[in-house]
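Residue strings, one per chain:
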Amino acid sequence: MSVTAAKGFRAGGVAARISKLGPDLALVAGNGDCVGAGMFTANRVQAAPVVVSKEHLERAQPQAVVVNSGNANAATGAQGIADARATAEEAAQVLGLEPEQVLVLSTGVIGVPLPIDRLLSGIPKAASALSPDGGAAAAEAILTTDTCTKEAAVQGDGFTVGGMAKGSGMIHPNLATMLAVVTTDYPLEPGEPIHFLRPVVAESFNSISVDGECSTNDAVVLLSSREGERTGDDAFAEALQTVCAELARQIVADGEGATVLAEISVTGAASQEEAKAVARRIATSPLVKTALFGKDANWGRVLMAAGSAPYNGGYAQLDPGLVTLCYNGTKVLDRGAPLGVEPDVAGAACAIDLDLGLGDGEAQYLTSDLSYDYVRINADYRS
């Protein structure tokens with residue numbers, strides 16, 4: 001179990017024929033006493049479900065989440081907003097809730113009208129499928145170009161955190177088409193979920209990249225059923241971090257066309273913010289990513305990217321004479337001096353460790369390679 005691992009949650013996934021064959025509509029429902037929070041894409045073009053869900057979070061505590069795949073309901077104008085609201089209203093009707101207590105998430109093709117009649121007809125079916133054992137079915141129903149479901153759960157002392165996610169392409173959250181629903185029975189009070197969620201998202205979902213593209217639909221939702229024991233906020237925060245980090249890792253590992261999972265670590269930066277900027281720039285560099293696919297370290301590309309990391313209207317601080325670089329465990333550059341060795345880059349995982357030698361700032365980022373299949377998938381993708 002994942003999104004239903006915590007007490008007080010049921011889930012289900014069904015086929016509503018929204019845009020593809022197979023399951024494409026998921027429903028996650030709490031116990032009616034939930035508190036929650038959400039974080040959403042920073043893209044200026046925000047999908048209708050993002051707009052509506054943000055409105056609902058301002059008015060009420062979320063008790064349920066409806067997620068459809070196959071259609072993003074983005075760039076769909078006033079009709080898209082009306083369709084997102086109709087989705088919440090139908091789910092509220094069948095679950096005995098108010099529409100403001102329902103969050104709506106969508107993923108799929110942008111700019112295509114949502115087949116709202118099919119979606120609305122599928123909601124009662126999804127409600128009938130709700131079960132404490134329905135997490136796997138829900139996780140399958142939210143997939144698009146993903147090749148596998150993404151689930152994680154951690155058992156704490158008197159509480160559980162679980163979650164599901166989807167994402168494979170258009171992944172560069174500031175807060176991609178990335179969606180995540182995380183649940184817990186840790187007894188949070190109204191207003192508390194966002195304070196736990198925000199720092200965790202910064203170090204997990206907002207520290208990954210597949211293709212450098214920030215989606216119109218990104219969302220991470222946290223719901224607490226409050227049925228567990230409040231045994232320690234630090235332990236809960238750690239469990240939440242573990243679940244979100246694992247879901248984020250699964251997203252990058254399943255990146256569209258990906259053959260390599262790369263973990264980038266930047267230390268010795270002048271500040272944490274500059275470390276993050278450098279790590280992000282390396283993670284999104286097409287030249288670094290294509291070298292990863294070619295199984296060619298070509299580590300000079302890492303330095304190129306690091307030295308051009310945008311920060312505060314300019315570039316992050318970097319002194320080439322102080323930089324040390326280890327590539328897949330092999331030191332290739334020591335305080336600006338190349339060592340004339342070639343690292344082994346034949347495997348499906350790669351570690352890039354860059355020490356800038358300037359201060360105490362550090363950050364990590366996950367990325368994947370950029371392959372021929374990425375181009376093929378996105379040239380053909382319409383569902």
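Residues numbered from 1 in each chain as written. Predicted model: local features only at pLDDT ≥ 70, side-chain atom pairs only at ≥ 80, totals over all residues. Heavy atoms only, no water.

Caption draft 1: Here's a closer look at the pattern of salt bridges. All told, the structure shown has ten salt bridges when counted by the stated rule. Glu 55 serves as the salt-bridge partner of Arg 85, at 3.1 Å between the closest nitrogen and oxygen. On the criterion of sequence distance, the pair formed by Arg 85 in helix H2 (residues 77-95) and Glu 55 in helix H1 (residues 48-59) is long-range, its members being 30 residues apart. Classification of Arg 85 as partly exposed rests on a relative accessible area of 36%. For Glu 55, a relative accessible area of 22% puts it in the partly exposed group. For Lys 150, the salt bridge is made with Asp 254, and the minimal N-O distance between the two is 2.7 Å. The buried category is assigned to Lys 150, whose relative accessible area is 0%. Salt bridges linked by common partners bring Asp 146, Lys 150, Lys 166 and Asp 254 together as one network. (Salt bridge = Lys/Arg side-chain N within 4 Å of Asp/Glu carboxyl O. Helix = DSSP H or I, 4+ residues; strand = E, 2+ residues; numbered from the N terminus. Buried < 20%, exposed > 50% of the residue type's maximum accessible area, 1.4 Å probe, protein only.)

Caption draft 2: Spatial organisation of helix H5 (residues 193-203). Taken as a whole, H5 has its buried residues at Pro 193, Phe 196, Leu 197, Val 200 and Val 201. Down the axis of H5, the sector holding all buried residues measures 120°, keeping them to one side. Where H5 is buried, its residues touch strand S3 (35-40), strand S10 (219-224) and helix H6 (233-253). (Arc of directions from axis to C-beta. Contact = heavy atoms within 4.5 Å.)

Caption draft 3: Quick peek at the side chain of Lys 276. Along the polypeptide, Lys 276 turns up in helix H7 (residues 272-284). Buried and without a salt bridge, Lys 276 has Glu 203 as its closest oppositely charged side chain, separated by 4.9 Å. For Lys 276, the side chain forms a polar contact with the main-chain oxygen of Ala 202, separated by 3.1 Å. Within polar-contact distance, the side chain of Lys 276 engages the side chain of Ser 207 at 3.3 Å. If we ignore the near neighbours within four places in the chain, the residues touching Lys 276 are Ala 202, Asn 206, Ser 207, Ala 363 and Tyr 365. (Lys, Arg positive; Asp, Glu negative; His and termini not counted. Polar contact = N/O pair within 3.5 Å; in protein donor to acceptor, adjacent residues only side chain to side chain.)

Caption draft 4: Inspection of the nonpolar core at higher detail. Val 278, Ile 282 and Tyr 327 are the most contacted members of the largest nonpolar core, which totals 31 residues. Of all elements in the fold, only strand S11 (261-269), H7, helix H8 (286-293), helix H9 (300-306), strand S14 (324-327), strand S15 (330-334), strand S17 (349-355) and strand S18 (361-368) reach the threshold of two or more residues within this core. Sorting elements by how many residues they give to this core places H7 first, with five residues. Leave out the neighbours within four places in its chain, and Val 278 touches Val 266, Ala 306, Ala 309, Ala 316, Leu 354 and Leu 356. Ala 165, Leu 240, Leu 261 and Leu 366 belong to the second largest nonpolar core, which has 30 residues in total. (Core = buried A, V, L, I, M, F, W, Y, C linked by side-chain atoms within 4.5 Å.)

Caption draft 5: Quick peek at the sheet that holds S18. Across the sheet, seven strands lie side by side as S9-S18-S11-S17-S14-S15-S16; this open sheet has mixed pairing. Both edges of this open sheet fall to strand S9 (208-209) and strand S16 (337-338), since each of them pairs with a single strand only. Pairing analysis gives seven bridges linking S11 to S18, with the strands arranged antiparallel. By the bridge assignment, Ser 265 is partnered in S18 with Gln 364. (Pairing = 2+ DSSP bridges.)

Caption draft 6: Representation of the packing of aromatic side chains within the structure. Taken as a whole and judged by the stated rule, the model has five aromatic pairs. On the numbers, 5.0 Å between centres and 75° between planes, the contact of Phe 196 with Phe 236 is edge-to-face. Separated by 40 residues along the polypeptide, Phe 196 in helix H5 and Phe 236 in helix H6 bring together distant segments of the chain. For the pair Phe 196 and Phe 236, a shared accessibility class is recorded, and that class is buried. Feature note: the residues Phe 159, Tyr 186, Phe 196 and Phe 236 constitute an aromatic cluster, connected by ring pairs. (Phe/Tyr/Trp six-rings, centres within 6.5 Å; stacked < 30°, edge-to-face > 60°.)

Caption draft 7: Representation of the state of the cysteines within the structure. For the coordinates displayed, the defined rule picks out zero disulfides. Cys 244 provides the cysteine sulfur closest to Cys 34, a residue in no disulfide bond, and the two sulfurs are 16 Å apart. The class for Cys 34 is buried, based on a relative accessible area of 2%. (Disulfide = S-S within 2.5 Å.)

Caption draft 8: Spatial organisation of the sheet that holds strand S7 (residues 160-166). What the five strands build is an open sheet, ordered S3-S10-S8-S7-S6; its pairing is mixed. In this open sheet, the two edge strands, each paired with only one partner strand, are S3 and strand S6 (150-155). Going across the sheet, the axis of each strand differs from the next one's by a mean of 10°, ignoring polarity. Where strand S8 (residues 179-184) and S10 come together, six bridges link them in parallel fashion. What sits directly across from Val 182, in S10, is Leu 222. Helix-sheet contacts for H5 involve S3 and S10, and the interaxial angle to S3 is about 35°. (Axes fitted to C-alpha atoms, helices over the stretch in contact; angles between N-to-C directions.)

On their own, these measurements won't tell you what the molecule is for.
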